[in-house]
Amino acid sequence: MHVDAREHDQASIRTDVCIIGAGAAGITLAVALMNSGRRTLLVESGGFERTTEHDLLNAAETPTIGGGYLSGSRVRIFGGTTSHWTGFCLPLSAATFAERPWVPDSGWPIDGTELHPFYERACIQIGIDPWDPDACDPIPSPELPRLSLASPSDEFETRVYQIRRRTHFGDQFRDMLTEADDVTLLTHATCTELRASERAVDHALLRTLTGKRIEVQANAFVLATGGIENARLLLASTQGRPKGLGNDRDLVGRYYMDHPELLVGEALLWPGWDLDLYAGHRLEDRLVQMGAMFTTTAHQRARGLLQAGIQLGRAGSRWGNPQTHATDHAVAAAAFWLDCARGGAREGACVPSAQKTSLFVRSEQAPAPDNRVTLAEERDAFDTPLPRLQWRMNELDCVSLQHTVQAFGDALLREGLGRLRSFLTHTDLRHVDTIYGPSLTDEQRERINLEQRPTILVWGHHMGTTRMSDDPARGVVDRHCQVHGVDNLHVAGSSVFPTGGAANPTLTIVALALRLADRLRTARS
Amino acid sequence: MTDSLDADRRFVLRALACLLPTMACARTSLPPLELWPIPTAPVPTAVFVLGRQYLAAHPEENDLGTLRAALGLDVPEPDPGTIDDFDGAIRHDLQTRDVVELEGWQLSRTECRLYALATLTLTTPARVHSPDARRRP
C-alpha cells in the first residue's frame, strides 16, 4: 500500500517494523520482510519524482570538498541514490573485514565469510552473476566464457566489477511494495527525530513540508537514510540525551570515509594485455564486466598500505583522454625494443606497437575519527540542524595512493609489460583539490587531463559514521547492526562499515540489509 | 679508446641484430579496443632520442668509459649475451628505486644508460648535445 503523508489524516501510526529511508538498504529490507507476519512501514522523505523542495533538504556544509558534494550525492526519492547509481558491483575483499595492524581502527566484528550467502542473494536481487568466494572473478552464466584473469605481477590481482546499468530500486520494486498487504510505503514524510526512553525508541517523529506531524510507534526501528543522514538524525535526537541517541561515547558521525579517485598518470602498454577486459567487456545490454588491478593483501601488509585498485581509462570515459607528449613515441619504441630483448614482453606479443591509456586509482580511506559529521548552526525547513562534514586525506591515504601508482609502474617495467608516466611524483596529495565527481564539467575534466593536475574526486560513498564494533567504546552499532544501548534500533547502510575497502559499497549495503532482515524476521516482538 | 669504441659499437650492433628475429616474430591479433594506438618511431631513432635526453640531464655520464663501467661492460669484448644480465640490473634498479624520469616517464637507470651507450656509439659524438661533445672536432 502507498500513502502520501501529506494526505494522511492520522496523527500516529502503529506498526511492527518502521524502516526510515527507502534507498538501497531500506527497500531491500522491506522486500525481504514481506510475508514475514510483520507489518512494515517504509518511510521516505521524498516521493516518486525528484523535486527542488526536497533537494533543498539536502543542504549541508562541506568546507573541504567542492562541487556540492553532500547536496548532490543524496537524493530524497523512492529508490534513494540507486536512482543515479552507476551499477558498479564488487564484494569487499576478505582483507577489508580483518583487523590490519597497519590500519588504525580497522577490523569488522564479523568475518567476510559470514556475508557470502547474503552476497549471493544480493547478486540475485541486483541481477548479476554471483562471485566465486575463493577467487576474484564472477561465476558467469553457463553460456558465457569464464574470464581469463592476469595481473602484471604478484603485487596486483585482477578483480572484476560487474556493472548493472539502469538499476533503480524505485522502478524495480515500486509495484511489488505498493501492492503488498503487509507493507505500507509512506512518502513525503521526513523523520526529524527519534524519541527514546531509557533503552528503546518510543516513537519516530515524521513531518511533511505541508506542516503535518505524524508519530510512528514500532517494535523495531531501522535507520536507513544514508551515511550522512543516519548520523545527523542520531545527533539531532537529543531529547533526554544531550549528545544524541547512541552517542554516549561521542562516536556518532566520526570515522567518515569515501573512496577517493584520482587520475594518476598514463601508461604505454605492450600487446598481450587483455585490455578488452580492463577497458570494459560488454556481456549484454545492461551488464558490463570491467577488471581492475588491486594491490594484493600480501603487498599491502608488506608495505603498510590501504587497498587500492587501478583502472584503465576507456576512450570516451571521464579519464579517457590521455595527452600526447613528444617523448611518447620514443619511449614506446625504445622500451618495447628493450623489453623484447629482455624476454619480458609476453610471448607472441612482439609486435612493434603500443597502446596508450589513462590510469586512475580508486582507493580505500583509513578510518579517522577527525573525519566526521557534526551538526551545523544553520537549519533546514524543519528546523533540524544541517550536517557539517569535516573531511581530509590523511597521511596513510596519501602514501597508499602514491605507493600503489609507483608499484604499478615498477611492475610494468620489471615484467616488461609497458611503462608508466606518473602525475603524482612531485605532488603532496594532502593539498590537492577535492570535488564531487558527478559535478565535474567537461571543461574541468579537459583541464585536469591537459594540465595533468592531480584532483581528487569523491563519489558520495558515505561510510563509517555509525561504525560496527562489538565494543561500545569503539562502535555505534554491534555486529547485528543494533545501536549499542538502544534495544529496538538498528542501522542499515554503509554508515556501519568500519572500513570501506576499495570496492563500491552498494552490493555490500544490500547484502547487509538482507542479513539484518533475517534477524528482524526471526526476532521476538 | 678507439678499440673500446669499436667494441661497444660491435656490441650494440650485434645486440640489435640478435633482436631482429624477435621483432619479426608472430603477430598476435589484438582485441578490439578503444584505447589509443601509438605508432612507434624507428628503434634507432627512438633510442637516440632517449639517450640524448638522458645524457643532457646527466652530463657527468656523457663519456663512454663512465657508461661502460656503469653497465659492467668495461671488458675488452662484451658478449652480446650480456644483455640478459641487464634484466637483473633493471630489477635491481627498481629495488633500490634508482629510477629516472624523462618527461615524466619512469625508466630504470640501466635502461637509460643502455640508450645513452647506443647513442654515443652509433651516432657521431658531435650530435650528442652536451658541453663535452660540442668541444670535440
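The preceding data block contains the structure.
Residues numbered from 1 in each chain as written. Chains lettered and ligands numbered in written order. Predicted model: local features only at pLDDT ≥ 70, side-chain atom pairs only at ≥ 80, totals over all residues. Heavy atoms only, no water.

**Regarding the overall build of chain A**
Okay, so step 1: Looking only at helices and strands, chain A has 13 helices and 20 strands in total.
Okay, so step 2: Here chain A, with 525 residues, has 65% of them falling under the buried criterion.
Okay, so step 3: Within chain A, contacts between residues separated by at least 24 positions form 74% of all contacts whose residues are at least 6 apart in sequence. (Helix = DSSP H or I, 4+ residues; strand = E, 2+ residues; numbered from the N terminus. Buried < 20%, exposed > 50% of the residue type's maximum accessible area, 1.4 Å probe, protein only. Contact = heavy atoms within 4.5 Å.)

**Examining unusual backbone geometry**
Okay, so step 1: Positive phi values are uncommon outside glycine, yet asparagine 35 of chain A reaches one of about 60 degrees.
Okay, so step 2: Residue position: asparagine 35 of chain A is located in the loop between α1 (24-33) and β3 (40-43).
Okay, so step 3: For glutamate 103 of chain B, which is not glycine, the phi dihedral falls at a positive 50 degrees.
Okay, so step 4: With respect to the helices and strands, glutamate 103 of chain B occurs in the loop between β2 (99-102) and β3 (105-108).
Okay, so step 5: By relative accessible area, glutamate 103 of chain B is classed as partly exposed at 38%.

**Topic: helix α3 (residues 64-71) of chain B**
Residues and elements named next belong to chain B.
Okay, so step 1: Residues Leu64, Leu67, Arg68 and Leu71 constitute the buried set of α3. The buried residues of α3 occupy one face: seen down the axis, they fall within an arc of 100 degrees.
Okay, so step 2: At the N-terminal boundary of α3, the capping side chain belongs to aspartate 63, with an oxygen 3.1 Å from the backbone nitrogen of glycine 65.
Okay, so step 3: Among the residues trailing α3, glycine 72 stands out with phi positive, at a value near 75 degrees. (Arc of directions from axis to C-beta. Polar contact = N/O pair within 3.5 Å; in protein donor to acceptor, adjacent residues only side chain to side chain.)

**Regarding the packing of aromatic side chains**
Residue and element names in this part refer to chain A.
Okay, so step 1: In this structure the tally under the stated criterion is nine aromatic pairs over all chains.
Okay, so step 2: For the pair tyrosine 161 and phenylalanine 294, a centre-to-centre distance of 6.4 Å together with 50 degrees between the ring planes defines the contact as tilted. Here tyrosine 161 is found in strand β5 (residues 156-164), whereas its partner phenylalanine 294 is found in strand β12 (residues 287-295), with 133 residues between them in sequence.
Okay, so step 3: Judged by relative accessible area, which is 1%, tyrosine 161 ranks as buried.
Okay, so step 4: A ring pair is formed by phenylalanine 169 and phenylalanine 173, whose centres lie 5.5 Å apart and whose planes are at 80 degrees; its orientation type is edge-to-face. Of this pair, phenylalanine 169 and phenylalanine 173 both sit in helix α6 (residues 169-178), separated by four residues, roughly a single helical turn.
Okay, so step 5: Residue class for phenylalanine 173 comes out buried when judged on its relative accessible area of 7%.
Okay, so step 6: Three or more aromatic residues joined by ring pairs make a cluster, and in this case those are Phe88, Tyr161 and Phe294. (Phe/Tyr/Trp six-rings, centres within 6.5 Å; stacked < 30°, edge-to-face > 60°.)

**Some details on the nonpolar core**
Okay, so step 1: Among the nonpolar cores identified, the biggest contains 137 residues, and Leu177 and Leu194 of chain A are the most heavily contacted of them.
Okay, so step 2: With 10 residues, helix α13 (residues 506-522) of chain A is the single largest residue contributor to this core.
Okay, so step 3: Counting 38 residues, the second-largest nonpolar core is a separate cluster that includes Val47, Tyr54, Tyr115 and Ala116 of chain B. (Core = buried A, V, L, I, M, F, W, Y, C linked by side-chain atoms within 4.5 Å.)

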